[in-house]
Amino acid sequence: KQEVTQIPAALSVPEGENLVLNCSFTDSAIYNLQWFRQDPGKGLTSLLLIQSSQREQTSGRLNASLDKSSGRSTLYIAASQPGDSATYLCAVASGGTYKYIFGTGTRLKVLA
Amino acid sequence: ETGVTQTPRHLVMGMTNKKSLKCEQHLGHNAMYWYKQSAKKPLELMFVYSLEERVENNSVPSRFSPECPNSSHLFLHLHTLQPEDSALYLCASSSQGVGTEAFFGQGTRLTVV
């Protein structure tokens, strides 16, 4: 059974810092991995999608890497801003075409 | 705006009420999902529809009844809910097949009193 873990559960950093969020999964047989952002009480916004054959994806200040063999992905946020404050979720598509398994998220607060 | 719209955004209902949540997407996707998000728990997949057929039902109680009349619309009919069913209900859609990106709506915050 696929399990997804995100560490740390919460993170507070001063503005301008570069930071790394971690996601690990127990079964390396995944189709893809997706990073999402969720603001309080809101839905999920897709940030980056990494296919199983890819090693990384970049979008602006965000860079996500994938190491399938070790069951890990990292989301790197450069030059963090207060507007980056949100919960970041990773999800793996695994165990069937339509199964997206989510981690519990990392709650990020960037202090001005 | 992600292209997936959920209504209502907030819903308060009594345990004897019947209500429905609605989800609509105009992204041309043919798979739609219901997820439940409770405090401090990972998102739980409830139902998946592909080409209007239910392909996943993750042991969800029968007081939740999904309906997918066409590839653009998805409903979740609710009846005789319990207070522990209070949560954020999220709808998502994707293209069919592996390796595709999922898009989520803003969710319906449900409170059962």
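For clarity, every value in this text was computed on a predicted model and none was experimentally measured.

Student: Can you tell me about the sheet that holds strand E8 (residues 72-77) of chain A, naming the residues and giving the values?
Tutor: Strand pairing in a sheet relies on backbone hydrogen bonds. The paired strands run either parallel or antiparallel. Residues and elements named next belong to chain A. Read across the sheet, five strands follow the order E1-E3-E8-E7-E6 without closing on themselves; strand pairing throughout is antiparallel. Edge positions in the sheet fall to strand E1 (4-7) and strand E6 (56-59), since each of these pairs with one other strand and no more. On average, adjacent strands in this sheet sit at an angle of 15 degrees to one another, irrespective of strand direction. Pairing between E1 and strand E3 (residues 19-25): four bridges, direction antiparallel. Opposite Thr5, over in E3, you have Ser24 as the bridge partner.

Student: Mind laying out the sheet that holds strand E1 (residues 4-7) of chain B, listing which residues take part and the relevant values?
Tutor: Residue and element names in this part refer to chain B. Pairing within the open sheet is antiparallel, and its four strands lie in the order E1-E3-E8-E7. Edge positions in the open sheet fall to E1 and strand E7 (64-70), since each of these has one partner strand only. Here the strands of the sheet are splayed against their neighbours by 20 degrees on average, with no regard to which way each runs. Looking at chain direction, E1 and strand E3 (residues 18-25) are connected through four bridges and run antiparallel. Residue Thr5 lies in a different strand from E3, and its bridge partner there is Glu24.

Student: Account for the pattern of salt bridges, with residues named and values stated.
Tutor: All names here are of chain A. This model, assessed by the stated rule, comprises five salt bridges over all chains. Arg37 is paired through a salt bridge with Asp39; the nearest N and O atoms lie 3.0 Å apart. Judged by relative accessible area, which is 17%, Arg37 ranks as buried. Judged by its relative accessible area of 27%, Asp39 falls in the partly exposed class.

Student: Describe the interface of chain A and chain B, listing the residues and the values that go with them.
Tutor: The partner chain B presents 29 residues to the 20 residues of chain A that form the contact. Between chain A and chain B, roughly 2000 Å² of surface is buried when both sides are summed, and carbon and sulfur atoms account for 56% of that area. Seen at the junction of chain A and chain B, the total is zero salt bridges. Within the side of chain A that touches chain B, the residues separate by chemical class into eight nonpolar, 10 polar and two charged.

Student: Tell me about the packing of aromatic side chains, and please be specific about residues and values.
Tutor: All chains considered together, the criterion is met by eight aromatic pairs over all chains. Taken together, a centroid distance of 5.6 Å and an interplanar angle of 70 degrees make the contact between Tyr100(A) and Tyr33(B) edge-to-face. Placement of the pair is Tyr100(A) in strand E10 (residues 100-102) and Tyr33(B) in strand E4 (residues 31-37), with the two residues belonging to separate chains. Grouping residues by exposure puts Tyr100(A) and Tyr33(B) together as buried. The interplanar angle of 85 degrees and the centroid separation of 5.8 Å between the aromatic rings of Phe102(A) and Phe104(B) together place this pair among those described as edge-to-face. Pair noted here: Phe102(A) is in strand E10 and Phe104(B) is in strand E10 (residues 103-104), and the two residues belong to different chains. Assigned by exposure class, Phe102(A) and Phe104(B) land together as buried. Each member of the aromatic cluster is reached from another via a ring pair, and the members are Phe36(A), Tyr100(A), Phe102(A), Tyr33(B), Tyr35(B) and Phe104(B).

Student: Kindly report on unusual backbone geometry, identifying the contributing residues and their values.
Tutor: The omega angle of the peptide bond from Ile7(A) to Pro8(A) is 0 degrees, so this bond is cis rather than trans. Note that Pro8(A) resides in the loop between E1 and strand E2 (10-14). Look at the link from Thr7(B) to Pro8(B): it is a cis peptide, with omega at -10 degrees. Here Pro8(B) lies in the loop between E1 and strand E2 (10-13). If you check the backbone angles, Ala79(A) has positive phi at about 45 degrees while not being a glycine. With respect to the element layout, Ala79(A) can be found in the loop between E8 and strand E9 (86-94).

Student: Quick one: what's the story with the state of the cysteines, residue by residue and with numbers?
Tutor: The final tally for this structure, using the stated rule, is two disulfides over all chains. Here Cys23(A) engages in a disulfide with Cys90(A); their sulfurs sit 2.0 Å apart. Around the S-S axis, the bridge from Cys23(A) to Cys90(A) shows a dihedral of about 70 degrees and counts as right-handed. Note that Cys23(A) is positioned in strand E3 and Cys90(A) in strand E9, a separation of 67 residues in sequence. For Cys23(A), a relative accessible area of 2% corresponds to the buried category. On the basis of relative accessibility, which here comes to 0%, the residue Cys90(A) falls in the buried class. Here Cys23(B) connects covalently by a disulfide to Cys91(B), the sulfurs 1.9 Å from one another.

What counts and what doesn't
- Residues numbered from 1 in each chain as written.
- Chains lettered and ligands numbered in written order.
- Predicted model: local features only at pLDDT ≥ 70, side-chain atom pairs only at ≥ 80, totals over all residues.
- Heavy atoms only, no water.
- Pairing = 2+ DSSP bridges.
- Helix = DSSP H or I, 4+ residues; strand = E, 2+ residues; numbered from the N terminus.
- Axes fitted to C-alpha atoms, helices over the stretch in contact; angles between N-to-C directions.
- Salt bridge = Lys/Arg side-chain N within 4 Å of Asp/Glu carboxyl O.
- Buried < 20%, exposed > 50% of the residue type's maximum accessible area, 1.4 Å probe, protein only.
- Contact = heavy atoms within 4.5 Å.
- Buried area = accessible area lost by both parts, 1.4 Å probe.
- Nonpolar A, V, L, I, M, F, W, Y, C, P; charged D, E, K, R; others polar.
- Phe/Tyr/Trp six-rings, centres within 6.5 Å; stacked < 30°, edge-to-face > 60°.
- Disulfide = S-S within 2.5 Å.

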